[in-house]
Amino acid sequence: YGDRIVLIGGYNANGAPGRVDATTEERLAEVHRCLDTYGKYPSYIAFPFVTVNSLNPEDMLEIMKPMLGEAVRYTHELGRK
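A. View of the overall build of the chain. What the chain contains, in helices and strands, is two helices and two strands. Going residue by residue from the N terminus, the α and β elements of the chain occur as β-α-β-α. In terms of overall size, the chain behaves like a compact globule, its C-alpha atoms giving a radius of gyration of 13 Å where 81 residues would be expected to give roughly 12 Å. With the principal axes as the frame, the chain shows a C-alpha extent of 40 × 25 × 20 Å. In the chain, the proportion of contacts linking residues at least 24 apart, taken out of those at least 6 apart, comes to 56%. Total accessible area on the chain stands at roughly 5,600 Å², and carbon and sulfur atoms take up 56% of it. Taking the average place of the 9 positive charges on the side chains of the chain and the average place of its 11 negative ones, the gap between the two points comes to 8 Å.

Given below as structure tokens:
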């Protein structure tokens, strides 16, 4: 579809990486899997997500920040900016 569609998602939020007790390494491995699988499309947006049992947005940010940072870092490593 070229420049007409943007793909977002693919992160396994219902599996082990999406669990609250998942390790950071498990989550980052899933970020890599998504970028290796879907990142070949120039219009892919990585958005890893973990449901946190909290009403405090800081709790969500604390878990998601490393994943989002890794998505940016790994994208650059792969040469896809």
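B. Here's a closer look at helix α2 (residues 57–77). Taking 1.5 Å of rise per residue, the 21 residues of α2 would be expected to cover 30 Å, and the 30 Å separating its terminal C-alpha atoms lies within 8% of that figure. At Met64, α2 shows its largest bend, some 40°, and a proline, Pro66, comes one to four positions later. Those residues of α2 lying buried are Ile63, Met64, Met67, Glu70, Ala71, Tyr74 and Thr75. The opening residue of α2, the one whose side-chain oxygen lies 2.9 Å from the backbone nitrogen of Glu58, is Asn56. With its phi angle positive at about 85°, Gly79 sits one or two positions after the end of α2.

C. The arrangement of the nonpolar core in detail. Core analysis: the biggest nonpolar cluster contains twelve residues, these being Tyr11, Val31, Cys34, Leu35, Tyr44, Val50, Val52, Ile63, Met64, Met67, Ala71 and Tyr74. Secondary-structure elements contributing two or more residues to this core are α1 (24–38) and α2. Per-element accounting of this core gives the leading share, five residues, to α2. Among all residues touching Val52, those that are not within four sequence positions of it are Val20, Asp59, Met60 and Ile63.

D. Broad picture of the packing of aromatic side chains. Counted according to the given criterion, the structure contains one aromatic pair. Ring centres of Tyr38 and Tyr44 lie 5.6 Å apart, and the angle between their planes is 35°; on these two criteria the pair is classed as tilted.

Calculation notes
Residues numbered from 1 in each chain as written. Predicted model: local features only at pLDDT ≥ 70, side-chain atom pairs only at ≥ 80, totals over all residues. Heavy atoms only, no water. Helix = DSSP H or I, 4+ residues; strand = E, 2+ residues; numbered from the N terminus. Rg over C-alpha atoms; globule rule 2.2 N^0.38 Å. Contact = heavy atoms within 4.5 Å. Areas by Shrake-Rupley, 256 points an atom, 1.4 Å probe, with all protein chains shown as cover. Lys, Arg positive; Asp, Glu negative; His and termini not counted. Charge placed at Lys NZ, Arg CZ, Asp CG, Glu CD. Expected span 1.5 Å × (residues − 1). Bend = angle between axes of the 7 residues up to and from the residue. Buried < 20%, exposed > 50% of the residue type's maximum accessible area, 1.4 Å probe, protein only. Polar contact = N/O pair within 3.5 Å; in protein donor to acceptor, adjacent residues only side chain to side chain. Core = buried A, V, L, I, M, F, W, Y, C linked by side-chain atoms within 4.5 Å. Phe/Tyr/Trp six-rings, centres within 6.5 Å; stacked < 30°, edge-to-face > 60°.

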